[in-house]
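What follows is each chain in one-letter form.
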Amino acid sequence: MAQRKGIILAGGSGTRLYPITLGVSKQLLPIYDKPMIYYPLSVLMLSDIREIAIITTPQDQEQFKRTLGDGHQWGLELSYIAQPNPEGLAQAYVLAEGFLNGAPSAMVLGDNLFFGHGFPEMLVDANARPGGTVFCYRVQDPQRYGVLEFNAAGGVDRIVEKPVSAPSPYAVTGLYFLDETAPERAKSVQPSARGELEITSLLELYLADGLLNVQQMGRGFAWLDTGTHASLLDAGNFVRTLSERQGQQMGSPEEIAWGKGWITRDALRARARAFGKNEYGSYLMRLTEEG
């Protein structure tokens, strides 16, 4: 099987966050001490994925390039794909077909944060599985998400998009590991009543073929969707609490790249110096000293 590639879907207009997104992409807003996109980027890096495409609006693409560059500072290969019009999450696979070039993929939404003990191991496991793998999470307001309906044997019967009456409290998170057939399957998806290529419809194609695996994120995991002003603040406070309590960083591409041997000590030290006037830079410098 070809090496899995990564996709970060960072398009959209961010209207729910107006007026703060009138001049900047939502995925470049700060989550405490780092741009929001650092967190989904870190998820792909923890999955041992080094070739990643960032899907953005045409007008925001230069902002992302200034922020992330070509990825060499983290031992990555980053490329950029323009999404002229947001037409559903499944559209990302159609846009990324040339980039994927027959490879399986892992796509993460640019406004999603994940945290939990054992999460890296879950990612590596998903990376090795055939077909498709999604992660579900128990939520209090499942009507906002794609929700899993389980049968008596505990298997998944179907996925219901934004149900009025939810069949379960388990929502599908914004992280999808799909095989090389995803672009072709996505092209067969018909637009929904709201005119979008729903990710739920794509996942149900895998489910119908018996190719969809579901990983449940239980107690001790955190999944944050930063699409509203309140959730944006909650995410920042969550990251700050972790950083100050544990003295460790969440969503640090530099730390992950260093830990995986993708960058040298000198490269990490250079990044630390670039952020030398704040605590993040001090943290990275401490990593170079600890070895």
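This text goes with the structure placed above it.
Residues numbered from 1 in each chain as written. Predicted model: local features only at pLDDT ≥ 70, side-chain atom pairs only at ≥ 80, totals over all residues. Heavy atoms only, no water.

Participant: What am I meant to see in the packing of aromatic side chains here?
Facilitator: To describe a pair of aromatic rings, you give the distance between the ring centres and the angle between the ring planes. With the rule as written, the count across this model stands at 10 aromatic pairs. Ring geometry for Phe 114 versus Phe 119: centroids 5.6 Å apart, planes at 15 degrees, classification stacked. On the accessibility criterion, Phe 114 (7% relative accessible area) is buried. Residue Phe 119 is classed as buried on the basis of its relative accessible area of 3%. The rings of Phe 114, Phe 119, Phe 135, Phe 177 and Phe 221 are connected pair by pair, giving a single aromatic cluster. (Phe/Tyr/Trp six-rings, centres within 6.5 Å; stacked < 30°, edge-to-face > 60°. Buried < 20%, exposed > 50% of the residue type's maximum accessible area, 1.4 Å probe, protein only.)

Participant: Got a minute to help me understand the nonpolar core in this structure?
Facilitator: Most often, soluble globular proteins have nonpolar side chains that are buried together. Core analysis: the largest hydrophobic core is formed by 57 residues, its most contacted members being Ile 8, Ile 37, Ile 52, Ile 54, Leu 68, Trp 74 and Leu 175. Among the elements that take part in this core, helix H1 (residues 38-46) stands out by supplying six residues, more than any other. Once residues within four sequence positions are removed from consideration, Ile 37 is found in contact with Ile 8, Ala 10, Gln 27, Leu 28, Ile 54, Phe 64, Leu 68 and Gly 110. (Core = buried A, V, L, I, M, F, W, Y, C linked by side-chain atoms within 4.5 Å. Helix = DSSP H or I, 4+ residues; strand = E, 2+ residues; numbered from the N terminus. Contact = heavy atoms within 4.5 Å.)

Participant: It is not clear to me how the environment of Gln 3 should be interpreted in this structure. Could you clarify?
Facilitator: Looking at where Gln 3 falls in the secondary structure, it is placed in the segment before strand S1 (5-9). The exposure class of Gln 3 is exposed, given its relative accessible area of 58%. Once the C-alpha coordinates of Gln 3 and Tyr 176 are considered, the two residues, 173 residues apart in sequence, prove to be 16 Å apart. Each residue touching Gln 3, except ones within four places of it in the same chain, is listed here: Asp 48, Ala 103 and Pro 104.

Participant: Just to check I follow, could you spell out the packing of helix H10 (residues 265-274) against helix H11 (residues 279-290) for this structure?
Facilitator: Between two packed helices, what matters for the description is the angle formed by their axes and the separation of those axes. At a closest axis distance of 8 Å, the pairing of H10 and H11 adopts a crossing angle of 160 degrees. When the axes of H10 and H11 are compared, the pair comes out roughly antiparallel. In this structure, H10 crosses over H11, and the sense of that crossing is left-handed. Within the contact between the two elements, H10 uses Arg 265, Leu 268, Arg 269, Arg 271, Ala 272 and Arg 273 and H11 uses Gly 281, Leu 284, Met 285, Leu 287, Thr 288 and Glu 289. For the contact of H10 with H11, the class distribution of residues is five nonpolar, two polar and five charged. (Axes fitted to C-alpha atoms, helices over the stretch in contact; angles between N-to-C directions. Parallel < 35°, antiparallel > 145°, perpendicular 65-115°, else oblique. Left-handed = near helix turned anticlockwise from the far one by under 90°. Nonpolar A, V, L, I, M, F, W, Y, C, P; charged D, E, K, R; others polar.)

Participant: How should I be thinking about the pattern of salt bridges in this particular structure?
Facilitator: Counted under the stated rule, the structure contains 19 salt bridges. Across the pair Asp 141 and Arg 144 runs a salt bridge, and its minimum N-O distance is 3.1 Å. Each of the salt bridges in this network shares a partner with another, and the network as a whole consists of Glu 161, Lys 162, Arg 194, Glu 196 and Glu 198. (Salt bridge = Lys/Arg side-chain N within 4 Å of Asp/Glu carboxyl O.)

Participant: Before we go on, may I ask you to explain helix H8 (residues 229-246) in this structure?
Facilitator: Residues lying three or four places apart along an α-helix face the same way, a consequence of the helix completing one turn every 3.6 residues. The end-to-end C-alpha distance of H8 is 26 Å, a good match for the 26 Å that 18 residues give at a rise of 1.5 Å each. Taken as a whole, H8 has its buried residues at Ser 231, Leu 232, Ala 235, Gly 236, Val 239, Leu 242 and Ser 243. Considered in projection along H8, the buried side chains sweep an arc of 140 degrees and stay on one side of the axis. For H8, the exposed residues lying more than 90 degrees away from the buried face are Leu 233, Glu 244 and Arg 245. Those residues of H8 that are buried are in contact with strand S2 (30-31), H1, strand S7 (112-115) and strand S13 (222-225). One or two positions beyond H8, positive phi appears at Gly 247, with a value near 70 degrees. (Expected span 1.5 Å × (residues − 1). Arc of directions from axis to C-beta.)

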